[in-house]
Amino acid sequence: MLKYAMERILQSSLVLLGVTLITFILLNVVPGDPVLIMLDQRADQLTIDRVRHELGIDRPLPTQYFEFLKNAVRGDLGTSFFKKRPVTELLSSAFGATAKLGLMTLAVSLCMSIPMGILAAVFRGSIIDRAIMFLAMLFMSLPSLWLAMVFQLIFGVFLAALPISGSETMRHYILPVAILAIGYAGGASRLIRNNVIDSLGHDFVTTARSKGVPEFFVVMQHVLKNAAIPIVTLIGIQLRSVLGGAMIIETIFSMHGLGRLAIDAINTRDMPLIQGNVVYTATVFVVINLVVDLVYGLLDPRVRLAGGES
Amino acid sequence: MILFRNRTKLYEEVGMADVLRDTGLYKDAWRRLKRSPAALVAMGFIGFVVFLAIFGPYLTPHDPNLGNLMVRLKPPSATHWFGTDQLGRDVFSRVIAGTRISLFIGVVAELIALTIGVIMGTIAGFFGGWVDKLISRLIEILSSFPFLLFALAIMMVLGPGIINIFIAIGLLSWTNVARLIRGQVMRLKTSEYVMAARAAGANELSIIFKHLIPNCMSTIIVILTMDIPGAIMTETFFSYIGMGVRPPHASWGKMLSESRMYMRTAPTYSIFSGLLLMLTVLAFNTFGDALRDALDPRLKNK
Amino acid sequence: MHENTLLEVNNLRTHFFLEKGVLKAIDGISFRVAKGETLALVGESGCGKSLTAASIMGLVPSPGKVVDGEILLNGEDLLQKTQKEMRQVRGSRITMIFQEPMTALNPVFTIGWQIMEPLRYHRKDLTKAEAKERAIELLDLLRIPLPRQRFHEYPHQLSGGMRQRVLIAMALACDPDLLICDEPTTALDVTVQAQILDLLLEIKEKLGTSIIMITHDLGVVREIADRVAIMYAGKIVEENSTHEVFNQPRHPYTEALLNSVPRIVQGERQEELYQIPGMVPNLLKTHQGCLFAPRCDYAKELCFGVTPEEHLVLGGLVACRRYSEEVDLRELN
Ligand SMILES: Nc1ncnc2c1ncn2[C@@H]1O[C@H](COP(=O)(O)OP(=O)(O)OP(=O)(O)O)[C@@H](O)[C@H]1O
Ligand SMILES: [Mg+2]
């Protein structure tokens, strides 16, 4: 297990290195001169030179990259060009709202999708299965932008029951979480269903039945513990995509989260903030991946006890 | 073990047998597809949307981009079936015109992603070794990025516009395709008939193009169908941020985001583009799902 | 019914209701297993051996259904029992072990937990500690070294032969009356096969458990079985003592089976061993006459038209037209 963990950590560090390199190339090399994007070509040469110097862009690219990397490791992602505050500070103040949104969405969507998936799998082929799967497909197909608009209109305007802007109280989270969770529950319940069906087809299920184990325990113990492994992967994927994909929802509901910060940064062409945001979020992703892999290892005795390759 | 064989496994065996028989595959898939009414309805709807996308411009009762400021934000009426927008343009005509752009973006962006993915996946799976390691790492790195944020950053660097949407989506979403194709190619590479072709003296390229890619075709078709809705949704997002198609052109995403301001005064404005968007995505999802079951039951959990 | 009969299967029919039609996978089989006796169920792949086991266990998979017959365990008809009552029979009075020890155990539970599982449901009188002792005792009975240590291990830490022993231990946990073994040695290599067979023989002697041994391997049959039932296409074509079957096979199919066994075969898939000309009939179609007739060297025109009856022969039964006379003779005597 230790060897397995070490391997995973090493691999993650490599991926992070790649992430910073690609981000750096995208934002600093591809556009030629990032300052031109930032200043929108209207500025005079003097301003351009000043900004260039301020950002340290007048130095050779490799130097810039290693400087960026060195500072990043120390937790310094530069200073926001427009907000004039350290990028790390802006990011960590926005992280709270996004993390809350992400975790609540995850919890709600799992509470919906696990029972839906198991029920559909156990009664596969029946009308229950078909109804649940249709619902799941519908959930998956609802455009979140549209759903957000409709929910704002119904719950915020017509019923005036829930706040539709801000992220101050828990009540502010109800609508965003509902909208996101509906979307994710669709895909998740289909995946869980397939996994449970797969596990139900295993020989050990037949063995358990032949021992006289009641069907309830066959599903809840034998099947679920095996299906839990892919579900952990699923949780990782979902958490990642909520953290990275809540931008629309955060903007529509004016929540002070990472996504909205990113969109603000894009709109103001705030290069250091964009770069910081991409690297920061990617780091969170890589860490989530790592945690998922480690939990995976803990759940599966074959990995836990043996370790080694994959 | 074949003991107490269950139905899914049995179907899987049937599916395998089809792949082996090769020629019967598409005919059999079609037969299986026909049995699912949902898939047929979805297919019909996709056909309808494609028809709109192709012939839409000849069908619009009004010029979709020409407004009449005298009739702004009107509810549906006899002249304007879906009402009018904030510039007095006919929503019905714009929804139809938007179909072409939204669908086009979905299909082309996915085709780009698919092309890159198939090439990368085949190379990685076929040659293995360090090439495979390199591509696999690249896939891993690219899938560690937050997709939308990264796509937005690309869009910012490249500027708004349809072509750039293609590039942004295409550059980022090939990784899934590559991963699937890589696995499949690796499995096929060691299969008996590829061995036989090799023994008969076929060179690498002809093995790739004659044996490996045709055998991945069903996977490719399924991925294409299932990923198009994602690309269409991404377009909505770009439009919302203001990085979508340039005005005055219409796309579903653009109409949806523009209508947001007028939710209260003209609620019908947002309904139609949203509804068409949702139904199209639903149709693609349903059809893709049925297609996968019909063509390649082994793909189920991917 | 005989005093010492444990299991009596009468005219069992299990059919699959598929979209293409009704597949008569088991079509009217009858046999009995006496107390302490070992019956071997032999036949080609797909002839319905496993399904017979599933029918007895009450675990026929979904589109399948037992449509007719009786399965009497000590005179009680298992087919009349409710799901819940059947659950009490499974794992305690009738237990089963499977072909693939690699996959028949759940990878995420310790083997100790899995052996204790039947005790948990059928022997509620035992405390946890007692159940554990019982499990360790069973591991010991099956000659698994270091049972106390093995108890806490996971299936992937054991070899195939060890896992099969664990499965047998699990099946013996509640002292069953009947143990059904579905090709228990097919997936193992030859030396391990021999060990497992020896263990089964020993168990049979020590505990007096009746065994139904499903197998392709006639060597296994000769070694362990008291009686043999030969199945073909969902029917039992011959049933007799092991001695009779091997020394005087009566049904042409039995004869062909015996002839098609090579002397020594290692590591090869068993299915490939039988090289009887022709194909197994498609059970979806309705057939007339003897199902084996198209592949039979002795087939006459009559065989294609009339379904053969079961004829009493010395020590057993055979379903072949050629033995109608033998019955007549015996009846005359
Ligand atoms: N779930 C199922 N659906 C449809 N038909 C089935 C199913 N399970 C088994 N069958 C059919 O029932 C028949 C008997 O199957 P069974 O598994 O009992 O064969 P077997 O004699 O045990 O063969 P093997 O030696 O390969 O284990 C086969 O013809 C098979 O096609
Ligand atoms: Mg079998």
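Heads up: the structure comes first, above all this text.
Given the structure is predicted, the values throughout are model-derived calculations rather than measurements.

1. Section: the overall build of chain B
Tallying secondary structure elements over chain B gives 11 helices and 0 strands in all. For chain B, the residues scored as buried account for 52% of the 302 residues in total. Nonlocal contacts in chain B, meaning residues at least 24 apart in sequence, comprise 69% of its contacts between residues at least 6 apart. Per element, the accessible surface of chain B, about 13600 Å² overall, is 68% carbon and sulfur.

2. Here we look at the pairing of strand β1 (residues 5-18) of chain C
Residue and element names in this part refer to chain C. Pairing of β1 with strand β2 (residues 21-34), which is carried by 10 bridges, proceeds in the antiparallel orientation. Across the sheet, Phe17 pairs through a bridge with Val22, a residue of β2. The turn linking β1 back onto β2 is made up of 2 residues. Pairing of β1 with strand β4 (residues 64-73) involves 8 bridges; the strand directions are antiparallel.

3. Some words on the sheet that holds strand β10 (residues 235-241) of chain C
Residues and elements named next belong to chain C. Across the sheet, 8 strands lie side by side as β6-β7-β8-β3-β9-β10-β12-β11; this open sheet has mixed pairing. Of all the strands in the sheet, the pair left with one neighbour each is β6 (94-97) and β11 (311-313). Strand-to-strand twist of the sheet, defined as the mean angle between neighbouring strand axes without regard to direction, takes the value 25 degrees. Pairing analysis gives 5 bridges linking strand β7 (residues 178-182) to strand β8 (residues 210-215), with the strands arranged parallel. Paired with Cys181 across the bridge in β8 is Met213.

4. Some details on helix α11 (residues 267-295) of chain B
When the terminal C-alpha atoms of α11 of chain B are compared, their 42 Å separation across 29 residues agrees well with the 42 Å that a helix rising 1.5 Å per residue should span. Within α11 of chain B, 22 of the 29 residues are buried, which leaves it mostly tucked inside the rest of the structure.

5. A word on the interface of chain A and chain B
The partner chain B presents 50 residues to the 52 residues of chain A that form the contact. Contact between chain A and chain B buries roughly 4500 Å² in total, counting both sides, with carbon and sulfur atoms accounting for 75%. When the buried surface of chain A facing chain B is broken down by residue, Trp146, Met149 and Ile266 of chain A rank first, second and third, together holding 14% of it. Applying the counting rule to chain A against chain B returns 1 salt bridge. Residues Arg190 of chain A and Asp289 of chain B are paired through a salt bridge, measuring 2.5 Å at the closest nitrogen-oxygen approach. Our count for the chain A to chain B interface comes out at 3 residue pairs in polar contact (both at pLDDT 80 or more). Taken together, the residues of the side of chain A that touches chain B break down into 32 nonpolar, 15 polar and 5 charged.

6. Here we look at the nonpolar core
One finds Leu152 and Phe238 of chain B to be the most contacted residues of the largest nonpolar core, which totals 155 residues. At 13 residues, the largest contribution of residues to this core is made by helix α8 (residues 171-200) of chain A. Once residues within four sequence positions are removed from consideration, Leu152 of chain B is found in contact with Met247, Ile263 and Ile266 of chain A together with Phe237, Phe238, Ile241 and Met243 of chain B. In this structure, Leu105, Leu119, Ala135 and Ile136 of chain C belong to the second largest nonpolar core, which totals 73 residues.

Rules used in this analysis
Residues numbered from 1 in each chain as written. Chains lettered and ligands numbered in written order. Predicted model: local features only at pLDDT ≥ 70, side-chain atom pairs only at ≥ 80, totals over all residues. Heavy atoms only, no water. Helix = DSSP H or I, 4+ residues; strand = E, 2+ residues; numbered from the N terminus. Buried < 20%, exposed > 50% of the residue type's maximum accessible area, 1.4 Å probe, protein only. Contact = heavy atoms within 4.5 Å. Areas by Shrake-Rupley, 256 points an atom, 1.4 Å probe, with all protein chains shown as cover. Pairing = 2+ DSSP bridges. Axes fitted to C-alpha atoms, helices over the stretch in contact; angles between N-to-C directions. Expected span 1.5 Å × (residues − 1). Buried area = accessible area lost by both parts, 1.4 Å probe. Salt bridge = Lys/Arg side-chain N within 4 Å of Asp/Glu carboxyl O. Polar contact = N/O pair within 3.5 Å; in protein donor to acceptor, adjacent residues only side chain to side chain. Nonpolar A, V, L, I, M, F, W, Y, C, P; charged D, E, K, R; others polar. Core = buried A, V, L, I, M, F, W, Y, C linked by side-chain atoms within 4.5 Å.

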